[in-house]
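Take a look at the letters that make up each chain.
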Amino acid sequence: MKIGEIISFLVIAVFVLFPLWLWLSWKLEPSEKLNVFIMDKTYKSSECSDHDAFIWVLNYFKYVNADGEKYNSAKDYFGFSPKENEFQIKDLSAYSNRQIDSLSRQIQLTYYMDTYGVYKKINSNRLQDYSQKIYGGLDVNDLNFLQKMLEQKKTVVAEFNFLAYPTSEDIRIKAEKMFGLKWTGWVGRFFEKLDTIDNSELPEWVIESYKKMHQGS
């Protein structure tokens, strides 16, 4: 075998075996328990939810739940859970103070992913921003739980609409004092596509406003 052929063989072997070695080393890496509380009160679509990416990260870094199992994006979260012809809400609203206290002692990391909520016409793909609320926003028990997490100096993560609509003003003010911050009311979002066919997440009010500005076209 010539030198050139040997080098080519070695290069091909490296390209084939190196990814395999990385995959095997990842598979053999031991898992670590991390009891995570995920709250997602919003329903985007049956294909993708906000918490899916975070659970992928947990699984990638080999974190497992309190039972030693991989995190499952279909069940390992609190909030709004769509079914075929109905929906299920699993949150802290019915928890007693004792239950919340017990939960806060078990949880190591809390992530309030999305509290925007769900509105009428949830079976359509487009969010109806100004329609009647079905579910959403922070409540008193959310604050109670978060307060206990802070008292225990545990990690709390929240995304941009944590204090925004539909959370009531009194709950928002209490949350601001709790975390030592002040919400100015500004929110923003970038839409890569403004085509209503290609982008199902365009809010209805944006479409209607555009039509009014351009005489319905």
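Relevant structure appears above.
What counts and what doesn't
- Residues numbered from 1 in each chain as written.
- Predicted model: local features only at pLDDT ≥ 70, side-chain atom pairs only at ≥ 80, totals over all residues.
- Heavy atoms only, no water.
- Salt bridge = Lys/Arg side-chain N within 4 Å of Asp/Glu carboxyl O.
- Helix = DSSP H or I, 4+ residues; strand = E, 2+ residues; numbered from the N terminus.
- Buried < 20%, exposed > 50% of the residue type's maximum accessible area, 1.4 Å probe, protein only.
- Polar contact = N/O pair within 3.5 Å; in protein donor to acceptor, adjacent residues only side chain to side chain.
- Phe/Tyr/Trp six-rings, centres within 6.5 Å; stacked < 30°, edge-to-face > 60°.
- Lys NZ or Arg CZ within 6 Å of the ring centre and 35° of its normal.
- Core = buried A, V, L, I, M, F, W, Y, C linked by side-chain atoms within 4.5 Å.
- Axes fitted to C-alpha atoms, helices over the stretch in contact; angles between N-to-C directions.
- Parallel < 35°, antiparallel > 145°, perpendicular 65-115°, else oblique.
- Left-handed = near helix turned anticlockwise from the far one by under 90°.
- Contact = heavy atoms within 4.5 Å.
- Nonpolar A, V, L, I, M, F, W, Y, C, P; charged D, E, K, R; others polar.
- Pairing = 2+ DSSP bridges.
- Expected span 1.5 Å × (residues − 1).

**What about the pattern of salt bridges?**
Part 1 of the argument: This structure, assessed with the given rule, holds five salt bridges.
Part 2 of the argument: Among the ionic contacts, a cluster of salt bridges with common partners joins D101, R105 and K148.

**Examining the environment of D52**
Part 1 of the argument: Note on placement: D52 falls in helix α2 (residues 50-60).
Part 2 of the argument: Residue classification places D52 among the partly exposed positions, given a relative accessible area of 24%.
Part 3 of the argument: At 3.5 Å, the side chain of D52 and the side chain of S73 are in polar contact.

**With respect to the packing of aromatic side chains**
Part 1 of the argument: Inspection of the entire model under this criterion finds nine aromatic pairs.
Part 2 of the argument: Ring centres of F54 and Y111 lie 4.7 Å apart, and the angle between their planes is 75 degrees; this geometry places the pair in the edge-to-face category. Note that F54 is positioned in helix α2 and Y111 in strand β6 (residues 109-114), a separation of 57 residues in sequence. Each member of the pair, F54 as well as Y111, is classed as buried.
Part 3 of the argument: One aromatic cluster is present, built from ring pairs that chain together F37, F78, Y112, F145, F162 and F179.
Part 4 of the argument: Just above the ring of F78 sits the side chain of K90; from NZ or CZ to the centre is 4.6 Å.

**Looking at the nonpolar core**
Part 1 of the argument: Counting 17 residues, the largest nonpolar core has F37, L92, Y112 and F145 as its most contacted members.
Part 2 of the argument: For this core, the secondary structure elements donating two or more residues are β2 (36-40), α3 (97-106), α4 (140-151) and α5 (169-179).
Part 3 of the argument: At four residues, α4 tops the list of elements feeding residues into this core.
Part 4 of the argument: Within the second largest apolar cluster, eleven residues are counted, among which are L34, V36, I55 and M113.

**Side note on the packing of α3 against α4**
Part 1 of the argument: Where α3 contacts α4, the axes come no closer than 9 Å and their chain directions differ by 40 degrees. Regarding the angle of α3 to α4, the classification is oblique. Here the hand of the crossing between α3 and α4 comes out right-handed. For the pair formed by α3 and α4, the contact residues are N97, I100, D101, L103 and S104 on the first element and N141, N144, F145, K148 and M149 on the second.
Part 2 of the argument: By residue class, the composition of the contact of α3 with α4 is four nonpolar, four polar and two charged.

**What to know about the sheet that holds strand β5 (residues 87-90)**
Part 1 of the argument: Read across the open sheet, the five strands follow the order β5-β4-β2-β6-β9; overall the sheet is mixed. The strands lining the two open edges of the sheet, one partner per strand, are β5 and β9 (155-158). The average undirected angle you get between the axes of adjacent strands in this sheet is 20 degrees.

**Re α4**
Part 1 of the argument: A rise of 1.5 Å per residue sets the reference length of α4, with its twelve residues, at 16 Å; its end C-alpha atoms lie 17 Å apart and thus fit the reference within 8%.
Part 2 of the argument: What α4 keeps buried is the set N141, D142, L143, N144, F145, L146, K148 and M149.
Part 3 of the argument: Of the surrounding secondary structure, the elements contacted by the buried residues of α4 are β2, α3, β6, β9 and α5.
Part 4 of the argument: Two or three places before N141, at the start of α4, stands the capping residue D139, its side-chain oxygen 3.1 Å from that residue's backbone nitrogen.
Part 5 of the argument: Of the residues one or two after α4, K153 is the one with positive phi, at around 60 degrees.

**A few points about the side chain of D142**
Part 1 of the argument: Within the element layout of this structure, D142 appears in helix α4.
Part 2 of the argument: The exposure class of D142 is buried, given its relative accessible area of 0%.
Part 3 of the argument: Contacts of D142, omitting those with residues within four sequence positions, involve M39, K41, L92, Y112 and G137.

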